Amino acid sequence: EIVGMRQLIPLDDDRSSFGGQCEPYYEAEALITAARRAYDALRYILWKSFGPGGKDTPSNFIKTITACERIPCGLRKSLCDSWQTYGVKMTAYRDCIQHYVPITFHLQTASMERVSGDVWTLHLRLPDNPECKSQKGFAFAGNLDALTYCWELANEIVRIATEVFVNVPTATNGGEIKRVGS
C-alpha cells in the first residue's frame, strides 16, 4: 500500500515495515551531531573552571579532562565514564555522518511491531559499527534503535552538563569560593 510517497509493507498481522522514513533519521543525525558539540562546549567550561589557565583549551574532551587537575574526583570519574559509555560511540556516529556516509543512507525504513491490540512499537535501525565508515560494511546484529539511542544520549548530555555546572566554582562577594548549587 502506498501512503503519500511512503510504502507500507505488512509483513504479517503483527509486523509491518514502513519505507521512505528519512525524517526521523535526519533528526537522529542532528541530535548526534548536537550531542557531540555539547561535549565539545563543555571543554571550555571545564578548562576555565578547573584548568591551569594561561594556555589554550585542549583539542578534545579527554585531553581537557586529563589537563584539568582541579576537577573534583567524582566529577572526573563521571566525565570519563560518560565519555566511554556515550562519547566514543557518539563520535563514531558523528564522524561517519559528517565525513563518510550518513546513517540514513538506504536505512529509511521504520519497522513496526504490535505490542497488543492497537499499541505498536517503532524501530529505526542504527548500524552497530559506524566506525567502519562504509554503508556496505554496516552490521545490524545488535538491533540498535535510533529512537532509543538518541533518547538515552540526550538524557546523558543533560545529566553530564548539569553535573559540570553544579561543580563549577563561583566567587561570592567576600571572595570565598562556593560551588554552584550549594
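Calculation notes
- Residues numbered from 1 in each chain as written.
- Predicted model: local features only at pLDDT ≥ 70, side-chain atom pairs only at ≥ 80, totals over all residues.
- Heavy atoms only, no water.
- Phe/Tyr/Trp six-rings, centres within 6.5 Å; stacked < 30°, edge-to-face > 60°.
- Helix = DSSP H or I, 4+ residues; strand = E, 2+ residues; numbered from the N terminus.
- Buried < 20%, exposed > 50% of the residue type's maximum accessible area, 1.4 Å probe, protein only.
- Core = buried A, V, L, I, M, F, W, Y, C linked by side-chain atoms within 4.5 Å.
- Contact = heavy atoms within 4.5 Å.

## A few points about the packing of aromatic side chains
At step 1: Taken as a whole and judged by the stated rule, the model has five aromatic pairs.
At step 2: Each ring, one from Tyr39 and one from Phe61, has its centre 5.0 Å from the other, and the planes form 90°; the classification is edge-to-face. One end of the pair, Tyr39, is in helix 1 (residues 22–50); the other, Phe61, is in helix 2 (residues 61–67), with 22 residues separating them in the sequence. You'll find Tyr39 and Phe61 in the same group, each marked buried.

## Side note on the nonpolar core
At step 1: Among the nonpolar cores identified, the biggest contains 32 residues, and Ile32, Leu46, Phe61, Ile71, Leu79, Met90 and Tyr149 are the most heavily contacted of them.
At step 2: Mapped onto this core, the elements with two or more residues apiece are helix 1, helix 2, helix 3 (73–100), strand 5 (119–126) and helix 4 (146–167).
At step 3: Residue contributions to this core peak at nine residues, all from helix 1.
At step 4: Residue contacts for Leu79: discarding those within four places in its chain leaves Leu46, Phe61, Ile65, Ile71, Ile160 and Val164.

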